[in-house]
Amino acid sequence: MSSSYPLLPIASIATPFKQKFAIPRQPGLANAQGIITFNEGFDDENMLKGIEGYSHLWVLFIFHQNIDKGWKSTVKAPRLGGNATMGVLATRSTHRPNGIGMSVVKNKGLKKHNGKTCLIVEGVDIVDGTPLVDIKPYIAYADSISHATDKLNDYNPIPNREVVFHDTISVKVTNVEQHHPGFTALVTHVLSQDPRPAYKQHLNDDIKTYKVSLYDVDVGFQVKSGNVVVTEINPL
């Protein structure tokens, strides 16, 4: 048997997430859209024949921003408070022996984008520009396990904070929404999950302003009285 098996990226995906910070921890937790563009040699439309028959797809990708950082046998688990560790293969950590990620996403169909046939998906948790190595159909009868369980939610449920936009930025929010329809909803979905470090998520008042890069803007927010308050919208 070969000691290595090379993978060739077949496509890349464009998403609103310009940085790893604040990307939803799992797919489907935000309505973020992704545009998949196929690389030369993998841009034959016949490869996509019949894909419209599936409501959801598995996307396999490379954690390309982490490959050079290596990996360890145990990793800190955010859902355990950020300090407790678990075995890397018992988590979905991005720091893995082989930096492969997988996400299930909604199939929104094919469309022409910049002269190329692209695949549109929704519910992504993937940083902009990530290389994809495979796409597979999600098959409900086989992939959905109704009685599956996990222990993580017993430790630290995913936060669900109310998100409010400060009155002083209403005009900016409206302007961005005109260029990126659904922007307000995306910000709300992302920030309601409280993307701050796990060890700070218990704080209901946090004067620090955190920055999240979405599309071509920086979104600044604070936590006040338990709510996430969006205080800044600035160009990147």
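Preceding this paragraph is the structure being described.
All of the points below concern the structure found in this document. Given the structure is predicted, the values throughout are model-derived calculations rather than measurements.

## Some points on the layout of surface pockets
1) Next: Of the volumes computed, that of the second largest pocket is approximately 240 Å³.
2) Next: In terms of lining, the second largest pocket is formed by 14 residues, of which the most central are Ile67, Pro97, Asn98, Gly99 and Ile100.
3) Next: Of the residues belonging to the lining of the second largest pocket, the class tally is 7 nonpolar, 6 polar and 1 charged.

## Structural notes on the sheet that holds strand S6 (residues 100-113)
1) Next: The strand order around the closed barrel built from 6 strands is S1-S2-S7-S6-S3-S8, with neighbouring strands paired in antiparallel fashion. Going from strand to strand, the sheet's axes swing by 45° on average, the running direction of each strand aside.
2) Next: Where strand S3 (residues 56-62) lies against strand S8 (residues 130-137), 5 bridges are found, and the strand directions are antiparallel. Residue pairing in the sheet places Leu57 in a bridge with Pro137 of S8.

## Considerations on the pairing of S3
1) Next: Counting buried positions over the 7 residues of S3 gives 5, a clear majority of the element.
2) Next: Here S3 runs beside S6; their pairing, made up of 7 bridges, is antiparallel. Residue pairing across strands places Leu57 opposite Val105, the latter belonging to S6.

## A word on the sheet that holds strand S11 (residues 217-224)
1) Next: Strand order in the open sheet formed by 4 strands is S9-S12-S11-S10, with mixed pairing between adjacent strands. Each having just a single partner strand, strand S9 (163-165) and strand S10 (206-214) make up the two edges of the open sheet. Neighbour-to-neighbour, the strand axes of the sheet open up by a mean angle of 30°, direction not taken into account.
2) Next: Examined bridge by bridge, S11 and strand S12 (residues 227-235) share 8 bridges and lie antiparallel to one another. Bridge pairing in S12 links Val217 to Pro235.
3) Next: Sheet strands touched by helix H3 (residues 170-179): S9, S11 and S12. Its angle to S12, the strand with the most contacts, is close to 70°.
4) Next: The sheet contacts of helix H4 (residues 183-192) involve S9, S10, S11 and S12, and relative to S9 the element is tilted by about 135°.

Analysis parameters
- Residues numbered from 1 in each chain as written.
- Predicted model: local features only at pLDDT ≥ 70, side-chain atom pairs only at ≥ 80, totals over all residues.
- Heavy atoms only, no water.
- 1 Å grid on protein atoms, 1.4 Å probe; cavity = no way out; pocket = protein on both sides within 12 Å on 5 of 7 lines; lining within 4 Å.
- Points joined across faces, edges and corners; volume = space filled by probe spheres on them.
- Nonpolar A, V, L, I, M, F, W, Y, C, P; charged D, E, K, R; others polar.
- Pairing = 2+ DSSP bridges.
- Helix = DSSP H or I, 4+ residues; strand = E, 2+ residues; numbered from the N terminus.
- Axes fitted to C-alpha atoms, helices over the stretch in contact; angles between N-to-C directions.
- Buried < 20%, exposed > 50% of the residue type's maximum accessible area, 1.4 Å probe, protein only.
- Contact = heavy atoms within 4.5 Å.

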